[in-house]
Amino acid sequence: MITRYLTGFSLSFLLTLLSFGVVWFHQQTGHELPVHAYVVVAVIAAALAQLMVQFVYFLEIGKKSGAWRLVTLSLTLVVAAIVLGGSLWIMATLGHAAPSERFRGIPSPQTQVD
Amino acid sequence: MNTSLSHERPVFGFWLYILSDCVLFAALFATYAVLRHSTVGGPGPGALLDLPILFIQTIALLVSNLAMALALVSGHGGSKKAALWWLFAALLLGFVFLGLEIREFSVLIAEGHGPARSAFLSGFFALVGTHGLHVALGSVWLLVVCAHLYLRPLQETMPKLRSLALFWHFLDIIWIIIFSLVYLLGSHL
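Everything in this summary refers to the structure shown in the same document. Values in this document were obtained by computation on a predicted structure and should not be read as measured data.

Within chain A one finds three helices and zero strands. Secondary structure elements of chain A occur, N-terminal to C-terminal, as α-α-α. Counting only residues that meet the buried cut, chain A has 32% of its 114 residues in that class. Sequence-distant contacts, at least 24 apart, represent 47% of the contacts inside chain A between residues at least 6 apart. Surface exposure of chain A reaches about 7000 Å², of which carbon and sulfur atoms provide 74%.

A few words on the pattern of salt bridges. Taken as a whole and assessed by the stated rule, the structure comprises three salt bridges over all chains. Glu60 of chain A is the salt-bridge partner of Arg4 of chain A, the closest N and O atoms lying 3.2 Å from each other. In this pair, Arg4 of chain A sits in helix H1 (residues 2-28) while Glu60 of chain A sits in the loop between helix H2 (36-57) and helix H3 (67-97), placing the two residues 56 residues apart along the sequence. With relative accessibility at 23%, the residue Arg4 of chain A sits in the partly exposed group. The exposure class assigned to Glu60 of chain A is buried, which follows from its relative accessible area of 16%. Note that Arg152 of chain B is salt-bridged to Glu156 of chain B, the shortest N-O span being 3.0 Å. Assessed through its relative accessible area of 39%, Arg152 of chain B is described here as partly exposed. Overall, Glu156 of chain B belongs to the partly exposed group, its relative accessible area being 36%. Salt bridges sharing partners connect three or more residues here, namely Arg4, Glu60 and Lys63 of chain A.

Contact residues are listed per partner, giving 47 residues for chain A and 50 residues for chain B. Here chain A and chain B share an interface that buries about 4300 Å² over both sides, 81% of which is from carbon and sulfur atoms. Per-residue buried area on chain A facing chain B is highest for Phe9, Phe20 and Trp68 of chain A; these three make up 15% of the total on that side. Applying the counting criterion to the chain A and chain B interface returns zero salt bridges. Taken together, the connections running from chain A to chain B amount to four residue pairs in polar contact (both at pLDDT 80 or more). Element by element, the count of residues in the side of chain A that touches chain B is highest for H1 of chain A, at 14 residues.

We now examine H1 of chain A. Turn by turn, an α-helix covers 3.6 residues, leaving residues three or four places apart pointing in a common direction. Over its 27 residues, H1 of chain A runs 38 Å from end to end, which matches the ideal 39 Å to within 8%, given 1.5 Å per residue. Every buried residue of H1 of chain A is accounted for by Tyr5, Gly8, Phe9, Ser12, Leu15, Thr16, Ser19, Phe20, Val22, Val23 and His26 of chain A. Contact partners of the buried residues in H1 of chain A: H2 of chain A together with helix H2 (51-76) and helix H5 (154-184) of chain B. Positioned one or two residues after H1 of chain A, Gly30 of chain A has a phi angle of 65 degrees, which is positive.

Right, let's talk about the environment of Leu19 of chain B for a bit. Here Leu19 of chain B lies in helix H1 (residues 3-35). Residue Leu19 of chain B is classed as buried on the basis of its relative accessible area, which comes to 5%. Between the C-alpha atoms of Leu19 of chain B and Leu61 of chain B, which are 42 residues apart in sequence, the distance is 20 Å. Ignoring anything within four residues of it in the chain, the contact list for Leu19 of chain B reads Thr72, Leu73 and Thr76 of chain A.

Scanning all chains against the criterion turns up 22 aromatic pairs over all chains. Note on Phe97 of chain B and Trp175 of chain B: the rings are 4.8 Å apart at their centroids and 90 degrees apart in plane angle, and the pair reads as edge-to-face. On the criterion of sequence distance, the pair formed by Phe97 of chain B in helix H3 (residues 80-110) and Trp175 of chain B in helix H5 is long-range, its members being 78 residues apart. Look at Trp175 of chain B and you get buried, because its relative accessible area is 0%. Residues Phe105 of chain B and Phe124 of chain B carry aromatic rings whose centres are separated by 6.2 Å and whose planes lie at 65 degrees to one another, so their mutual orientation is edge-to-face. With Phe105 of chain B in helix H3 and Phe124 of chain B in helix H4 (residues 119-151), this pair connects stretches of sequence that are 19 residues apart. Each member of the pair, Phe105 of chain B together with Phe124 of chain B, is buried. Looking at Arg69 of chain A, its charged tip hangs above the ring of Trp15 of chain B, at a distance of 5.1 Å from the centre.

Cut-offs applied
- Residues numbered from 1 in each chain as written.
- Chains lettered and ligands numbered in written order.
- Predicted model: local features only at pLDDT ≥ 70, side-chain atom pairs only at ≥ 80, totals over all residues.
- Heavy atoms only, no water.
- Helix = DSSP H or I, 4+ residues; strand = E, 2+ residues; numbered from the N terminus.
- Buried < 20%, exposed > 50% of the residue type's maximum accessible area, 1.4 Å probe, protein only.
- Contact = heavy atoms within 4.5 Å.
- Areas by Shrake-Rupley, 256 points an atom, 1.4 Å probe, with all protein chains shown as cover.
- Salt bridge = Lys/Arg side-chain N within 4 Å of Asp/Glu carboxyl O.
- Buried area = accessible area lost by both parts, 1.4 Å probe.
- Polar contact = N/O pair within 3.5 Å; in protein donor to acceptor, adjacent residues only side chain to side chain.
- Expected span 1.5 Å × (residues − 1).
- Phe/Tyr/Trp six-rings, centres within 6.5 Å; stacked < 30°, edge-to-face > 60°.
- Lys NZ or Arg CZ within 6 Å of the ring centre and 35° of its normal.

This is the structure we're talking about:
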């Protein structure tokens, strides 16, 4: 049990270092290296990997006796994805019909705080 | 009945609460994501990134997570004293995290960049603040579990400790998403 937690912690720690390292290096090189797209991919990949590590090593997802955890978590993730993806989709699509630029999320001097 | 299942039974209801909390955070993330460019000339997501402070916060929460897991291991091993010490370690690291977050928020507000400044800042304060509030309330709960552990037999406290550990791990998981998307990639997305 203790080995499992220590493994989970070490992996999480390394992935955190990776994320921060990439962004730190990006800042040090005057936002040139690694290029923008790689920074985004690296940080998101590290975050997803760390989520998996936390699920497996700390939340015990994947243990045979805890199948209900996997089932209920999966359903929650579907709901979360619908909420998040749906909001972004709707708000992005609204922009085509909206008279004001603020619905497209473009900051403009005329934008008012609601 | 399988012993491991009867072990997990008290945690089941709490697990469902945590999942509903996940949906709450999904809504807050969606709000933040939709509003993230509406800065009205105020500071944008990139301006909030203070890499060293964020790193200390992140590591504090991660080590706190480990300390909580080790408290659970000590509890399973029958060592009340060790469990208490690990719980205190988890609490102290939680305070480090909270202290840095309060400092960040108060600096922002003092500079006139409070939640009322722009839609982006409203979304930011709502999301990060709700997570911070969870850590603060979790710390109060942690103290209650400490007192229970100190006063009552270890076996009575174990189900509470298991739920608390689950909650603490969940807070770290939410933080992974916040520090990656809101802070590190704030100016990129």
